[in-house]
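Structure at a glance
Residues per chain are reported as follows:
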Amino acid sequence: MTDLRLRPITPAEHLAFIATRASASHMQVPSWGEVKPDWRAESLGWFEGSGELVGVGLVLYRPVPKLKKYLAYLPEGPVIDWHAADLDRWLDPMLAHLKSQGAFTVKMGPPVVVRRWSADAVKAAIADPDARRLRDAEPTSYEPRGYEIADRLRRAGWQQTEPGGEEGFAAGQPRYVFQVPFAGRSLDDIHRGLNQQWRRNIKKAEKSGVKVVRGGYDELPAFYELYAETAERDRFIPRPLPYFQRMWTALTTENPDRMRLYLAHHDGDILAAATMLTVGQHVWYSYGASTSRRREVQPNNAMQWQMMTDAHQLGAAVYDFRGITDTLEESNHLLGLLRFKAGAGGEAVEYLGEWDFPLNRLLHKALDLYMARR
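Here is what the cut-offs are and how they apply
Residues numbered from 1 in each chain as written. Predicted model: local features only at pLDDT ≥ 70, side-chain atom pairs only at ≥ 80, totals over all residues. Heavy atoms only, no water. Pairing = 2+ DSSP bridges. Helix = DSSP H or I, 4+ residues; strand = E, 2+ residues; numbered from the N terminus. Contact = heavy atoms within 4.5 Å. Axes fitted to C-alpha atoms, helices over the stretch in contact; angles between N-to-C directions. Phe/Tyr/Trp six-rings, centres within 6.5 Å; stacked < 30°, edge-to-face > 60°. Buried < 20%, exposed > 50% of the residue type's maximum accessible area, 1.4 Å probe, protein only. Arc of directions from axis to C-beta.

**Considering the sheet that holds strand 4 (residues 70-74)**
In space, the seven strands of this open sheet follow the order 1-2-3-4-5-16-8, with mixed pairing throughout. The open sheet has two free edges, formed respectively by strand 1 (5-8) and strand 8 (159-160), since each of these has just one partner strand. Here strand 1 runs beside strand 2 (residues 40-47); their pairing, made up of four bridges, is antiparallel. Bridge pairing links R7 to G45 in strand 2. Lying on the sheet, helix 3 (residues 88-100) is in contact with strand 1, strand 2, strand 3 (53-63), strand 4, strand 5 (103-108) and strand 16 (355-358); it crosses strand 5 at an angle near 140°.

**Some details on the sheet that holds strand 10 (residues 211-215)**
Strand order across the open sheet formed by nine strands is 7-6-15-9-14-13-12-11-10, with mixed pairing between neighbours. Looking at strand neighbours, the two that pair on one side only are strand 7 (141-142) and strand 10, the edges of this open sheet. The sheet contact formed by strand 9 (residues 176-181) and strand 15 (residues 347-351) spans four bridges and is antiparallel. Within strand 15, the residue paired with Y176 across the bridge is E350. Lying on the sheet, helix 10 (residues 299-313) is in contact with strand 9, strand 10, strand 11 (259-266), strand 12 (269-279), strand 13 (282-290) and strand 14 (318-323); it crosses strand 12 at an angle near 30°. Contacts from helix 11 (residues 335-342) reach strand 9, strand 13 and strand 14 within the one sheet, and its direction differs from that of strand 14 by about 175°.

**Let's talk about the packing of aromatic side chains**
Following the criterion strictly, the structure yields 20 aromatic pairs and no others. Ring centres 5.1 Å apart and planes at 75° place the aromatic pair F223 and F244 in the edge-to-face group. Note that F223 is positioned in helix 8 (residues 220-234) and F244 in helix 9 (residues 241-254), a separation of 21 residues in sequence. You'll find F223 and F244 in the same group, each marked buried. Ring geometry for Y227 and F244: centres 5.0 Å apart, planes at 75°, overall edge-to-face.

**So, helix 4 (residues 119-127)**
Residues A119, A121, V122, A125 and I126 constitute the buried set of helix 4. Seen along its axis, helix 4 keeps its buried residues to an arc of 160°; they face one direction. When the buried face of helix 4 is taken as reference, the exposed residues oriented beyond 90 degrees from it are D120, K123 and A127. Tucked into the core, helix 4 has its buried residues touching strand 6 (113-118), strand 9, helix 11 and strand 15.

Remember that the coordinates give geometry; whether it matters functionally is a separate question.
The following block contains the structure:
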C-alpha cells in the first residue's frame, strides 16, 4: 500500500470533497475558519498515488503569545477513513506537516461513535437512584470498531483528553450528544417517536397561536437578546453578538442553507429562537435561546418540531441536538435539558472524545496546566 500524500488545498477543493460525503462536521467545512478570527485556518488534503483526493481536514492554529508556536486543532475531524486498517498512514503525514508549521501539540476529535443509549435507556438511567453518570448505564448498543480505533491511537502515542467542567459542555467539543435518526423514516414516524409530553406541548403551542418563522441576519440581535437571557439563567458565558453575525456571513456565503435562524412568535413577542446548521444529510440544532416569559405556550417544542420538519424535508439522515450532560444527578442544572432532548425520541451517542499528540512535551505540559487553571 503506497503512502498517502498530504498537502494544503484550496477552500474550493475542500468544499467539493465535503459535498461528496453524507455527513461531516460543520466544524470541518472551510468557512468555519472564518468564524474563528483568533485562529489561523488551513485546509489539508490527503491524496492517493493516483492523485485522487481521499480525505480533508480543517486545521485551526492558535498562536502561543511571544512564541512562534501553535496549538493545531482539528475540531470533530479530520474527515478521513477512520476505519482504515493502517491509521498511521493517514495521521503520520498530518503530524509531520503540522510540526513543520510550528505546532507544539495537535488536538483532534475523531468523528467515531463508541456507544449508544436509546431514549428509553436514558429515561431509565435518570430514574435509577444508583446511576450517577450516563457512561455507567448499560448502553443499548456498542460500536466495537470505536474501541479498536482508540487502542490504535494510544499505541501511536495519542492521549485521550478527559472531559472537564460540565459534562458535554466542556472546553472543546461535546463527547456526548443526543441524535434523532431520520433515515428511512416518514415525518409521521418521527412524530410518533416523540414522547407524550412533547406531542401535547406541540399541540398546545399550535392552539395558543405560537408561530415559528425563519429569520435572517437582521434578526440575529433579537436572537441574541434571548440568548443572553438564557446564558444568565443557565449559568454559562455567552458568546458576543459579532460571533453569530460572523458565523452567519461565513456559513451562508459558502452555502445559503448552511445556517438557518428560527424564531417562535406569540402575540407580537419573540419567546424562543435557535440556529440550525446543515452539512450533507446531517442537521444540527446548534444554539438555542428562550425567555422565561409565557413558557406555558410551549414555544421551544413548537420551534424544535418546525426545525425537525424542515430538516426532514431537506433529506436529513440525522437530527442532532448536540451536547448533553453525562451527569444524571438531580442537583445538576443541565439534567432538565437532557430530559427535554430525550423526549424527542432518538438516542444518546458517545463519541471517541478529543485526543492530543504532544509534539513538544514541555509546551504541551504548560498548556495542560494553563487549561486546568482556567
